[in-house]
Amino acid sequence: MAGLRGSPALALSAWRGRSGRRYVVGVHEIAGSDLAEVGPAVLIAVRRDGAGIAQPVSVTATGESPRERLTRGWLARVRQKGATEMHVHRLAEGEDERRAIVADLVLDEAASP
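Just so you know, these numbers come straight off a predicted model, no measurement behind them.

Asker: Tell me about the overall build of the protein, and name the residues and values.
Answerer: A count of helices and strands for the protein gives three helices and five strands. Along the protein, helices (α) and strands (β) appear in the sequence β-β-β-β-α-α-β-α when read from the amino end. In the protein, which comprises 113 residues, the share counted as buried stands at 36%. In the protein, 64% of the contacts between residues at least 6 apart in sequence involve partners at least 24 apart. For the protein, the accessible area works out to roughly 6,900 Å², and carbon and sulfur atoms hold 52% of it.

Here it is in structure tokens:
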């Protein structure tokens, strides 16, 4: 444990899907984010309202090669919509589970690329 001294703690949060299931996410600033470093995950682009409450802007999933499935265009689009954070869920086991999580998290009125 001594090796962890001075290491910043990873900011964690959770989202609840329509099913009631909770998904733990790491919280990252969207500025400077590189999708190539994410790996297979569910991504939630988030903006904060005036009270600091997180609001999802877009939910999508990456595979083994994020650049093949997502381009920097996704980051540009969510930034234009006011996203300042990227919440990353890495605990899904495979592409089918990532797709199911995206479907569980996406609200009817929210669009996902």
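Asker: Mind laying out the pairing of strand β5 (residues 85-89), listing which residues take part and the relevant values?
Answerer: Judged by how many residues are buried, β5 sits mostly within the fold: five of five residues are covered. Along β5, one buried face is formed by E85, H87 and H89 and the opposite face, lined by M86 and V88, is buried too. Direction of pairing for strand β2 (residues 22-29) relative to β5: antiparallel, over a ladder of four bridges. Residue pairing across strands places E29 opposite E85, the latter belonging to β5. Direction of pairing for strand β3 (residues 41-48) relative to β5: antiparallel, over a ladder of five bridges. Across the sheet, the residue bridging to V46 is E85, located in β5.

Asker: I'd love a proper account of the pairing of β3, names of residues and values included.
Answerer: In terms of burial, β3 is a largely internal element, six of the eight residues being buried. The pairing of β3 with strand β4 (residues 54-62) spans eight bridges and is classified as antiparallel. Pairing of V42 across the sheet is with A61, part of β4.

Asker: How would you explain a nonpolar patch on the surface if you had to name every residue and give the values?
Answerer: Taken together, the side chains of L10, L12, V24 and L91 define a hydrophobic patch exposed on the protein surface, amounting to about 410 Å² of accessible area. Relative to the elements of secondary structure, L12 occurs in strand β1 (residues 12-16). With a relative accessible area of 57%, L12 lands in the exposed category.

Asker: So what's going on with the side chain of R98? Residues and values would help.
Answerer: Relative to the helices and strands, R98 resides in helix α3 (residues 95-105). Leave out the neighbours within four places in its chain, and R98 touches P40, A41, V42, A61, T62, G63 and A92.

Asker: Account for the confidence of the model for the protein, with residues named and values stated.
Answerer: Note that predicted coordinates carrying low pLDDT should not be read in detail. Per-residue confidence for the protein averages 82 on the pLDDT scale, and 73% of its residues sit at or above 70. Across the protein, element-level confidence peaks in α3 with a mean pLDDT of 95 and bottoms out in helix α1 (residues 66-69) with 52. In this model, residues 109-113 is a region of pLDDT below 50 whose contacts with residues beyond four sequence positions or in other chains number twelve contacts.

Asker: Pulling in residues and values, what's your account of the environment of R18?
Answerer: Following the sequence through the fold, R18 ends up in the loop between β1 and β2. Accessibility expressed as a relative area gives 52% for R18, which makes it exposed. Residues R18 and D104, spaced 86 residues apart in sequence, show a C-alpha to C-alpha distance of 5.5 Å.

Definitions and limits used
- Residues numbered from 1 in each chain as written.
- Predicted model: local features only at pLDDT ≥ 70, side-chain atom pairs only at ≥ 80, totals over all residues.
- Heavy atoms only, no water.
- Helix = DSSP H or I, 4+ residues; strand = E, 2+ residues; numbered from the N terminus.
- Buried < 20%, exposed > 50% of the residue type's maximum accessible area, 1.4 Å probe, protein only.
- Contact = heavy atoms within 4.5 Å.
- Areas by Shrake-Rupley, 256 points an atom, 1.4 Å probe, with all protein chains shown as cover.
- Pairing = 2+ DSSP bridges.
- Patch = residues over 30% accessible without salt bridge, like charges linked within 9 Å, V, L, I, M, F, W, Y side chains within 5 Å.
- Salt bridge = Lys/Arg side-chain N within 4 Å of Asp/Glu carboxyl O.
- pLDDT = per-residue confidence, 0-100.

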